[in-house]
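So the chains spell out like this:
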Amino acid sequence: MTQATNMQVSDEIAINIQGMNKWYGQFHVLRDINLTVQRGERIVIAGPSGSGKSTLIRCINALEEHQQGSIEVDGTVLSSDIKNIDKIRSEVGMCFQHFNLFPHLTILENCTLAPIWVRKTPKKEAEEIAMHFLEKVKIPEQADKYPGQLSGGQQQRVAIARSLCMKPRIMLFDEPTSALDPEMIKEVLDTMIELAHDGMTMLCVTHEMGFARQVANRVIFMDQGQIVEQNEPEEFFNNPQSERTKLFLSQILGH
Amino acid sequence: MTDNIAFVRHDTLPPAPPPPSETGAIKWVRENLFSNVLNSVLTLLALYFIYRIAVGFLPWMLNGIWDAPSLQACREILNGESAGCFAVLTERWNQLLFGFKYPTDQYWRPSLAFILLFASVAPVLFSKLPRKMLILTAAYPFIGFWLIWGGTIVAPVLIALGFVFGYVVFTRFEKNSFAAGLISAIIAALVFWYIAGFVSEALSGVLALEPVPSRDMGGFMLNIILGTVCVSLSLPIGILLALGRQSRMPIIKGICVVFIEFIRGVPLITLLFVANVVLAYFLPPGTTFDLILRVIIMITMFSSAYIAEVIRGGLAALPKGQYEAADSLGLDYAQSMRLIILPQALKISIPGIVNVAVGLFKDTTLVSVISMFDLVGMIRGPILASTEWNGVYWELFGAASFLFFIVCYGISQYSQWLERQLATDHR
């Protein structure tokens, strides 16, 4: 890790989740989640499907409502107040499994939309910011195309750039590579690794264990709505403690 | 060779043109008209029918009489031959267009309004036109009203100023909350219009055109007035109803659902009868409530319920991820609807919306049932009942169909062009 210049973790708390519970009707999806994330941390959340990992990070920017416990993001406590939620959402970037770019807008318009309307940035400045981040994800030449004309990997990189244009302090990734062809996974992971080296606080739900080893400073394993185990990546992969974790790791690393 | 499975291609084959027998008009004819015995027989049969229709219809059309004072005179000229008496169209053309009571020397006013209609609708339909033309679009309802109904220009100007005043008040109070802004704007506009009523009465002579009351409107003009006003009102109302039906607030959702389901469950004809007769019972005695206005309200309610359901289909067709992406960027509800959701949902809904709009335009002929003299009402009433033209059916209803067809086909062609313009998702 030669270029790991900026990857220190500070003492400042970015996200603080205490005693959080969530139900879908009668179904208890998230059970007593306690998680504190320091600024600059790169956390990978792994676990079998249906274990609540996506739901957990979607609670952080209130795409999902939680019923019990508290979530504090950047010192703002998440409540049902819409102004409060919009504030947190503009500070927290998110990338989705299916990119969710806006198909009726060009790549550049996708990136400038939120800065112009939410941050009230002048259009010209917003376009400069957008081009800066499109260069960072290495697709400035696609700025005037529409999302449908791009490959999956390119679309996901645009989605990352779109989030970055809001200058978020925290980035959430919800399985960003699982809808991609194998050839394109690397270009997205490279972008995410670069982002980590810039010191971004990141929470990634992913099955890319190579990425976890290389970038994460903490791996969280979830099952049945609970945090089962968390550890530094080396310890997590080489010396898993719980039986459930061992089984999961043997299944995904087994071939 | 067969047991040797190793293969390496060293040079790429260049693309070659298809064989000549697979292109051109002959191929098309053979494939589409004479591909087998049955199709060949059907093709010949169809050609025969086209020939018979042409032989019957073309002489009737081409030998038609365009200049005669009455059906009797026309038949005398024809002298037993079978041909159309199109003279009724030339003779009663103005009545077909403007109705039979609109002052003859004022025909230039609705004609001018009709021409201005195109200029003011154009910037809405074609986004490449200069945006400044939208000023004309905003002013058109008031100009059009003044031209067609006449009276002093002060009244429409004051009505327009009432909207401007309401908007100014809205921006002033919007900072507190959207609801406060909206309510204070409505109150401000109503107070403004109340005072403006006295002002325009006092100034009733200023730039006054000869006033024409609503009951004197008629002909195709009436269909166009009802069609354009109702379509342009029911689209925004339909959007609001569709969004309201999706709302998480139970009261708003309930109101929208009840409205849509009730209106959709009632025939338009009954609504028109309500507008014509029943509504008068509910209004305080002595209030005169313009008949055209009542009909406009009813047709607008009717079509906005349908448009709301069409747009709801478009909203439901959007992936949930679009809502989530808009939310995750911190856009508020109004922004995410206006910038992300509605542009896509409306694009999906274009065929359905056009369907409703075309249907609505044709349904405006139903007002002939409540004794308004629109194009069909004019034909069924004053023209066919007159001694000169009693019995001319084909020519009149053919012409009416043709007028409606031109408009509806134009709308349909525009919508297909618009769909192609908006196709950016490259599916």
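Quick caveat: nothing in here was measured; it's all calculated off a predicted structure.

Conventions and cut-offs
Residues numbered from 1 in each chain as written. Chains lettered and ligands numbered in written order. Predicted model: local features only at pLDDT ≥ 70, side-chain atom pairs only at ≥ 80, totals over all residues. Heavy atoms only, no water. Core = buried A, V, L, I, M, F, W, Y, C linked by side-chain atoms within 4.5 Å. Buried < 20%, exposed > 50% of the residue type's maximum accessible area, 1.4 Å probe, protein only. Helix = DSSP H or I, 4+ residues; strand = E, 2+ residues; numbered from the N terminus. Contact = heavy atoms within 4.5 Å. Expected span 1.5 Å × (residues − 1). Polar contact = N/O pair within 3.5 Å; in protein donor to acceptor, adjacent residues only side chain to side chain. Domains from an automatic or database assignment. Pairing = 2+ DSSP bridges. Axes fitted to C-alpha atoms, helices over the stretch in contact; angles between N-to-C directions.

(A) Structural detail: the nonpolar core. In terms of nonpolar packing, the biggest core is built from 124 residues, with Ile17, Ile45 and Leu203 of chain A together with Met217 and Leu396 of chain B touching the most fellow members. Ranked by residue count, the leading element in this core is helix α15 (residues 333–363) of chain B, at 13 residues. Look past the residues within four positions of Leu203 of chain A in its chain and what remains in contact with it is Ile15, Val37, Ile43, Ile45, Ile57, Ile60, Met171, Leu172 and Phe173 of chain A.

(B) Quick look at helix α6 (residues 108–125) of chain B. Residue and element names in this part refer to chain B. Over its 18 residues, α6 runs 26 Å from end to end, which matches the ideal 26 Å to within 8%, given 1.5 Å per residue. Residues of α6 that are buried include every one of Arg109, Pro110, Ala113, Leu117, Ser120, Ala122 and Pro123, and no others. Tucked inside the fold, the buried residues of α6 contact α5 (93–98), α7 (134–149) and α10 (219–246).

(C) The arrangement of the side chain of Gln322 of chain B in detail. Note on placement: Gln322 of chain B falls in helix α14 (residues 320–328). Within the structure, Gln322 of chain B has its side chain in polar contact with the side chain of Gln344 of chain B (distance 2.9 Å). If near-sequence neighbours (up to four positions away) are discounted, Gln322 of chain B is found in contact with Asn100, Leu101, Phe102 and Pro103 of chain A together with Ile340, Ile341 and Gln344 of chain B.

(D) Examining the domain arrangement of chain B more closely. Assigned domains of chain B: these are domain 1 (21–62) and domain 2 (87–102 + 216–422). Averaged C-alpha coordinates put domain 1 of chain B and domain 2 of chain B at centres separated by 39 Å.

(E) Focus on the sheet that holds strand β10 (residues 226–231) of chain A. Residues and elements named next belong to chain A. A sheet is described by the order of its strands in space; here 6 strands give the open sequence β6-β7-β8-β3-β9-β10, paired in mixed fashion. At either margin of the open sheet sits one strand with a lone partner, and together these are β6 (92–95) and β10. When strand polarity is set aside, the average angle formed by the axes of neighbouring strands in this sheet is 20°. Packing against the sheet, helix α2 (residues 82–91) makes contact with β6 and β7 (170–174), and its axis sits at approximately 65° to β6.

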